[in-house]
Amino acid sequence: MAQAEIGLIGLGTMGAMLSLNIADNGFRVAVFNRTTARTHEFMQDAGPLAERIVPTETLEAFVAALTPPRNILLMVPAGEAVDAQIAALLPLLDKDDLVIDAGNANFHDSKRRAVDAETADHLFLGIGVSGGAEGARFGPAIMGGGPRAAWDRVAHILEAIAADFKGTPCATWMGAGGAGHFVKTVHNGIEYADMQLIAETYGLMRDGQGRDATSCAEVFARRNEGTLQSYLTEISAEVAKATDPETGQAMLDVIRDSAGQKGTGRWTAIEAQMLGAPVPVIEAAVAARNLSATLDLRAQGAALFPRETRSLPEGAVTDEMLEGALIAGKILCYAQGFDLLARASSENGWDLPMPAIAKVWRAGCIIRSAMLDDMASALEDTPENLIFAPFFAQHVRANMPHLRQVVIAAQGAGLPVPAMSAALSYFDTLTQARGTANMIQAQRDFFGAHGFRRLDRDEDGQHGPWLNQHLQ
Ligand SMILES: NC(=O)c1ccc[n+]([C@@H]2O[C@H](COP(=O)([O-])OP(=O)(O)OC[C@H]3O[C@@H](n4cnc5c(N)ncnc54)[C@H](OP(=O)(O)O)[C@@H]3O)[C@@H](O)[C@H]2O)c1
């Protein structure tokens, strides 16, 4: 059999789908899986595509099946499995062979692996792949990081298998080292926030307005025809209208309200803190998932502090207000995500292509939405903050009253809206030229002589009259 242009290790959910996608796009792909039985199963299920797939049972046979310089894609669990797989491959690799980690790696690991690869004289790319199993099979969004030359070598394959937005492939090189996995991490952080904002509007409809799941599904479906058209809005309508085959109840009504997470949202919040980047909507979404998992504690809280009702007053929140609140919250959340990307870009010397990031996210990935196309255009003019771009400034102006009204009504009724509240406070802070940190600076100077800047002088290290008084 002819040698393969690319090889893939790890035929789990994602790896199997990616291999089929690669073969479907006309490339010959060699595959290897730790457990050989899985390789056999995979080949049986591959149908006519099996013609372009080279199954192998040892790493040696896998490496031998590839055309040098070799391109090897890893789709194994992030972390130790990736390091172990690279270590097992190393003795079999030649100079310029390329290892691509396509799992959900922490970008610090990708940075380290890129340096190790240089030392070992082979190439390494860390690529973020979004879109779940369906994306992997029919077109994911791909965010690449590592040496540009390595990306260029496999770009024709990655672009062919990626999602397509009106003729443009959703696969882009983001920068050196861990840039691709960093962009993927922020994608996931935004995903957490987007999902949380949607869940909050669901809570307001269910608990505040007493609507059933079918009625919520209708609202989500209508929203999906306007500014909020997105994959997440679409699937929210789908899940809300589904019925539990076992009980006949609405599916949503039989699912425990305890959200799972694999940690990428948390990584976004951690990296934002390390960079001093304000991403309160994403942080609120991560905290909300953590709090959701405390089911017993919340049951105790509900018993100890009972509320008679959490209903919203009649007419306090309309569908139009909810939609507007969600539009404003979503724009503010993305503004924070892009701000974080910009700060990480300068900190890591990446020169991240902001409009290209928005373009990559337009199709294939979980946060794909109509709005991202407008964001890509707005980011071309490098606004200091997305909401300062004229198009989004206009949207925010039009929808902020809705966000404010909804948050006020929700808080009055005792309905938690942490992501919406965070978006509102972020906006109010960002648009208040004189804030309240002068009080914090005075306190810091009082107890620690940290000094401050006066409004009328451009020098650090000024002190208040209290400095020696309270120490005397
Ligand atoms: N699932 C998603 O929607 C999704 C979306 C985007 C990104 N990702 C990322 O993609 C990666 C793969 O995810 P998945 O969902 O495809 O995982 P999965 O279904 O659990 O498959 C894992 C694969 O890795 C192999 N493997 C596990 N440990 C290994 C080790 N120590 N050495 C060598 N091979 C090992 C497994 O082989 P065996 O058959 O021998 O166990 C299996 O083929 C992860 O980083 C994940 O976070 C997943």
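All figures in this text were calculated on a predicted structure; none of them were measured in a lab.

Draft legend 1. Structural view of the site of the ligand. In the region of the ligand, 18 residues are neighbours, and Thr-13, Met-14, Asn-33, Arg-34 and Thr-35 sit closest. One of the backbone N or O atoms of Val-76 is found 3.5 Å from an oxygen atom in the ligand. Judged by the proximity of its atoms to the pocket grid, the ligand belongs to the second largest pocket. Counting residues per element, the ones that place at least two in the shell around the ligand are α1 (13-24) and α4 (80-89).

Draft legend 2. Inspection of the packing of helix α11 (residues 264-275) against helix α12 (residues 280-292) at higher detail. Contact pair α11 / α12: the axes reach a minimum separation of 9 Å and the direction vectors enclose 135 degrees. When the interaxial angle is binned, α11 and α12 end up oblique. Regarding α11 and α12, the two cross each other, and that crossing is left-handed. Seen from α11, the contacting residues are Gly-265, Arg-266, Thr-268, Ala-269 and Gln-273; seen from α12, they are Ile-282, Glu-283, Val-286 and Asn-290.

Draft legend 3. Inspection of the layout of surface pockets at higher detail. If you add up the space inside the largest pocket, you get close to 1,700 Å³. Taken together, 46 residues line the largest pocket, and the ones lying closest to its centre are Gln-196, Ala-199, Tyr-202, Asp-257 and Ser-292. Ranked by the residues each element gives to the lining of the largest pocket, the list is headed by helix α8 (residues 179-209), at 12 residues. In terms of residue class, the lining of the largest pocket is built from 26 nonpolar, eight polar and 12 charged. Taken as a whole, the second largest pocket spans an internal volume of roughly 1,000 Å³. Lining the second largest pocket are 35 residues, and of these Met-14, Pro-77, Gly-103, Asn-104 and Lys-262 sit closest to its centre. When contributions to the lining of the second largest pocket are tallied by element, the ones reaching two or more residues are α1, α4, β6 (123-130), α8 and α11.

Draft legend 4. Broad picture of the nonpolar core. With 91 residues, the main nonpolar core has Phe-338, Leu-341, Trp-361 and Leu-403 as its most contacted residues. It is helix α14 (residues 319-348) that contributes the most residues to this core, 15 residues altogether. When sequence neighbours within four positions are dropped, the list of residues in contact with Trp-361 reads Met-143, Val-183, His-187, Ile-190, Phe-338, Leu-341, Ile-367, Arg-368, Ser-369 and Leu-372. By size, the runner-up hydrophobic cluster in this structure holds 35 residues, among which are Phe-42, Leu-49, Ile-100 and Ala-150.

Draft legend 5. Examining the environment of Val-63 more closely. Tracing the chain through its elements places Val-63 in helix α3 (residues 59-64). For the pair formed by Val-63 and Gly-7, sequence separation is 56 residues and the distance between their alpha carbons is 8.0 Å. Contacts of Val-63, omitting those with residues within four sequence positions, involve Arg-70, Leu-89 and Leu-92.

Draft legend 6. The arrangement of the sheet that holds β6 in detail. If you walk across this open sheet you meet the eight strands as β3-β2-β1-β4-β5-β6-β7-β10, and the pairing is mixed. Here the strands that pair on one side only, and so sit at the sheet edges, are β3 (53-55) and β10 (171-175). Averaged over all neighbouring strand pairs, the angle between strand axes comes to 25 degrees, with direction disregarded. Note: strand β5 (residues 98-101) against β6, four bridges, orientation parallel.

Draft legend 7. How the structure looks around empty space enclosed by the protein. Throughout the structure, instances matching the rule amount to one cavity of 30 Å³ or more. Every residue lining the largest cavity is listed: Asp-194, Ile-198, Leu-228, Ser-230, Leu-232, Thr-233, Leu-326 and Lys-330. For the lining of the largest cavity, the class distribution of residues is four nonpolar, two polar and two charged.

Draft legend 8. Structural context of the packing of α8 against α12. Interaxial distance between α8 and α12 falls to 8 Å at its minimum, and their mutual angle equals 70 degrees. Taken as axis vectors, α8 and α12 run roughly perpendicular relative to one another. Contacts between α8 and α12 involve Gly-189, Ile-190, Tyr-192, Ala-193, Met-195, Gln-196 and Leu-197 on the former and, on the latter, Val-281, Ile-282, Ala-285, Val-286, Ala-288 and Arg-289. Class assignment for the residues of the contact of α8 with α12 results in 10 nonpolar, two polar and one charged.

Draft legend 9. The arrangement of the packing of aromatic side chains in detail. One pass over the structure, following the stated rule, counts eight aromatic pairs. Among the aromatic residues, ring-to-ring pairing joins Phe-107, Phe-182 and Trp-350 into one connected group. Over the aromatic face of Tyr-192 sits the side chain of Arg-289, whose NZ or CZ is 3.6 Å from the ring centroid. The aromatic ring of Tyr-231 is capped on one face by Arg-368, whose charged end is 4.0 Å from the ring centroid.

Conventions we followed
- Counting restarts for each chain, with residues numbered from 1 along the sequence as it is written.
- The predicted origin of the model limits local features to residues at a pLDDT of at least 70 and limits the giving and counting of side-chain atom pairs to 80 or more, whereas totals for whole chains, interfaces and linings rest on all residues.
- The basis for every side-chain value is the complete set of non-hydrogen atoms in the structure, without hydrogens or water.
- Working definition: residue near molecule or strand if any one of its non-hydrogen atoms lies within 4 Å of it.
- We call two N or O atoms a polar contact when they sit within 3.5 Å, provided that within protein one can donate a hydrogen and the other can accept it, with sequence-adjacent residues counted only if both atoms are side-chain atoms.
- Computed over the protein atoms alone on a 1 Å grid, cavities are sets of points where a 1.4 Å probe fits but cannot get out and pockets are open sets with protein on both sides within 12 Å along at least five of seven lines; a residue lines them when it has an atom within 4 Å of a point.
- Put plainly, a molecule is in a cavity or pocket when over half of its atoms are within 2 Å of the grid points there.
- Here a helix means four or more residues in a row that DSSP labels H or I, a strand means two or more in a row labelled E, and each is numbered from the N terminus.
- Angles shown run from 0 to 180 degrees and are taken between the N-to-C directions of axes, each axis being a line fitted to C-alpha atoms and, for helices, limited to the stretch in contact.
- For classification purposes, an angle smaller than 35 degrees is called roughly parallel, one larger than 145 roughly antiparallel, one from 65 to 115 roughly perpendicular, and anything else oblique.
- Should the near helix be turned counterclockwise from the far one by less than a right angle, the crossing is left-handed, whereas a clockwise turn marks it as right-handed.
- By definition, residues are in contact when any of their heavy atoms lie within 4.5 Å.
- Grid points are joined across faces, edges and corners, and a volume is the space filled by probe spheres set on the points.
- Classes in brief: Ala, Val, Leu, Ile, Met, Phe, Trp, Tyr, Cys and Pro nonpolar; Asp, Glu, Lys and Arg charged; the others, Gly included, polar.
- By nonpolar core we mean a set of buried residues, namely Ala, Val, Leu, Ile, Met, Phe, Trp, Tyr and Cys, connected to one another through side-chain atoms within 4.5 Å.
- Three exposure classes are used, based on accessible area relative to the maximum for each residue type with a 1.4 Å probe and protein chains only: buried under 20%, partly exposed in between, and exposed over 50%.
- When DSSP finds two or more bridges between a pair of strands, those strands are recorded as paired.
- By convention, a stacked pair of Phe, Tyr or Trp rings (six-membered ring in the case of Trp) has centres within 6.5 Å and planes under 30 degrees apart, an edge-to-face pair has planes over 60 apart, and any other such pair is tilted.
- Charges are assigned to positions over rings by a cutoff of 6 Å between ring centre and Lys NZ or Arg CZ, combined with an angular limit of 35 degrees from the ring normal.

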